[in-house]
Amino acid sequence: MQPRNSRLNSAALRGAVDLAAVKAAGEAAQKAEQARAERARQAAAAEADGVAPQPAYELVIDVTEDTFETEVVQRSTEVPVVIDFWAEWCGPCKQLSPILEGLAEEYAGRFVLAKIDVDANQLIAQQFGIQGIPAVMAVVAGQLVPLFQGAESAANVRKVLDQLILVAEQRFGISGGAVAPGEAADAVGPQRPEDPALAAAHDALDAGDLGGAIRAYQNVLIDQPGNTEAKLGLAQAELLKRVEGLDLQAVRAAAAADPKDVEVQLQAADLDLVGGHVEDAFGRLVATVGRTFGEDRDTARLRLLELFEVIGPEDPRVVAARAALARVLF
């Protein structure tokens with residue numbers, strides 16, 4: 001079986017969908033649980049020795065190309081890492097950065113703020129595709145979550161952070177903040193064995209047996225209709241099955257030539273998502289829903305809902321696309 005939590009790479013830095021995320025979530029949750037348990041044990045030992053416990057991690061850190069792997073990617077398996085891309089000459093950055101730093105203190109460890117000077121760390125800025133600053137992104141369990149660009153009010157930033165923290169907790173089991181010594185036993189907890197049927201579905205997906213994976217996930221959902229992991233795996237397997245054999249350039253050319261061709265717009269949206277262009281995929285289908293009627297509109301709407309399942313319902317990009325869909329429908 002392939003590793004479940006792949007490193008953040010150049011594709012992920014461009015916002016590519018991690019199609020192994022269905023398995024990464026399980027591993028991330030386990031690592032986060034182990035990290036919380038270890039912090040709890042250390043805090044308990046310090047208290048027993050009469051030593052004041054130290055913070056689990058600094059709330060605001062300056063990150064460079066040399067420390068990015070440790071301070072951002074590895075740390076994101078324990079706590080959401082919010083990245084503030086800034087520069088000394090940037091006026092809006094000087095408005096936003098104090099807000100982010102203040103909220104890092106206010107949230108008391110529920111996220112870590114990593115500050116990256118784009119002038120001093122141009123390679124990272126290029127990898128993330130930063131075209132303007134301030135720009136704010138997050139990394140959770142090694143996976144990129146774009147947040148927003150430009151200066152925002154504290155109230156708006158707080159809403160985004162609350163959504164990010166919810167995604168981290170619900171989808172990956174990652175929640176920052178110190179664990180009190182008394183919670184150590186709860187943090188360790190018994191490890192629940194993986195469902196063999198779900199493991200078989202994961203293995204089929206890893207092996208590229210998309211038909212087998214689809215059937216296996218469907219079988220899991222027959223017995224466990226509410227299994228979120230199986231729903232996500234099924235959505236991913238079906239997406240990959242749909243794009244098999246499609247010619248990217250030909251589909252995009254056809255989609256550009258005839259915006260009213262619903263089928264080709266669906267294909268283009270699928271390819272957009274697999275290529276990591278999540279907002280483009282959502283925007284294309286929202287526009288298709290807006291310009292169609294009857295059965296065509298319903299077909300585009302249902303495909304958009306399927307793609308929401310691939311990304312996850314709590315992802316900020318899904319939340320934004322749902323709002324856009326509501327506007328064109330009502």
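Shown above is the structure to which this text applies.
Residues numbered from 1 in each chain as written. Predicted model: local features only at pLDDT ≥ 70, side-chain atom pairs only at ≥ 80, totals over all residues. Heavy atoms only, no water.

K.L.:
Could you give an account of the nonpolar core, naming the residues involved and the relevant values?
P.N.:
Counting residues in each nonpolar core, the largest one holds 28 residues, and the members touching the most others are L273, F282, L304, L307 and I311. Broken down by secondary-structure element, the contributors of at least two residues to this core are α10 (228–243), α11 (248–257), α12 (262–274), α13 (278–291), α14 (294–311) and α15 (316–329). In terms of residues, this core owes the most to one element, α12, which gives seven residues. With 26 residues, the next largest nonpolar core counts V73, V79, A87 and L144 among its residues. (Core = buried A, V, L, I, M, F, W, Y, C linked by side-chain atoms within 4.5 Å. Buried < 20%, exposed > 50% of the residue type's maximum accessible area, 1.4 Å probe, protein only. Helix = DSSP H or I, 4+ residues; strand = E, 2+ residues; numbered from the N terminus.)

K.L.:
I'd love a proper account of the packing of aromatic side chains, names of residues and values included.
P.N.:
Counting across every chain of the model gives four aromatic pairs. Judged by centre distance (5.0 Å) and plane angle (85°), the rings of F282 and F308 are edge-to-face. Of the two residues, F282 sits in helix α13 while F308 sits in helix α14, which places them 26 residues apart along the sequence. Neither residue differs from the other here; F282 and F308 are each classed as buried. Here the aromatic cluster, defined as three or more aromatic residues joined through ring pairs, consists of F68, F85 and F128. (Phe/Tyr/Trp six-rings, centres within 6.5 Å; stacked < 30°, edge-to-face > 60°.)

K.L.:
Residue-level account of the side chain of D272, with values.
P.N.:
By the secondary structure assignment, D272 is in helix α12. On the basis of relative accessibility, which here comes to 3%, the residue D272 falls in the buried class. At 3.4 Å, the side chain of D272 and the side chain of R252 are in polar contact. A distance of 3.2 Å separates polar atoms of two side chains, one belonging to D272 and the other to R284. (Polar contact = N/O pair within 3.5 Å; in protein donor to acceptor, adjacent residues only side chain to side chain.)

K.L.:
Would you mind going over helix α4 (residues 91–107) in detail, with residue names and values included?
P.N.:
In this model, α4 (17 residues) spans 25 Å end to end at C-alpha, consistent with the 24 Å of a helix rising 1.5 Å per residue. Regarding α4, the residues found buried are C93, L96, S97, L100, L103, A104 and Y107. Within α4, the buried residues cover an arc of 135° as seen down the axis, which keeps them to one side. Exposed residues lying more than 90 degrees from the buried face of α4 are K94, Q95 and E105. Immediately downstream of α4, the backbone of A108 shows phi near 50°, a positive value. (Expected span 1.5 Å × (residues − 1). Arc of directions from axis to C-beta.)

By themselves these figures say nothing about function.
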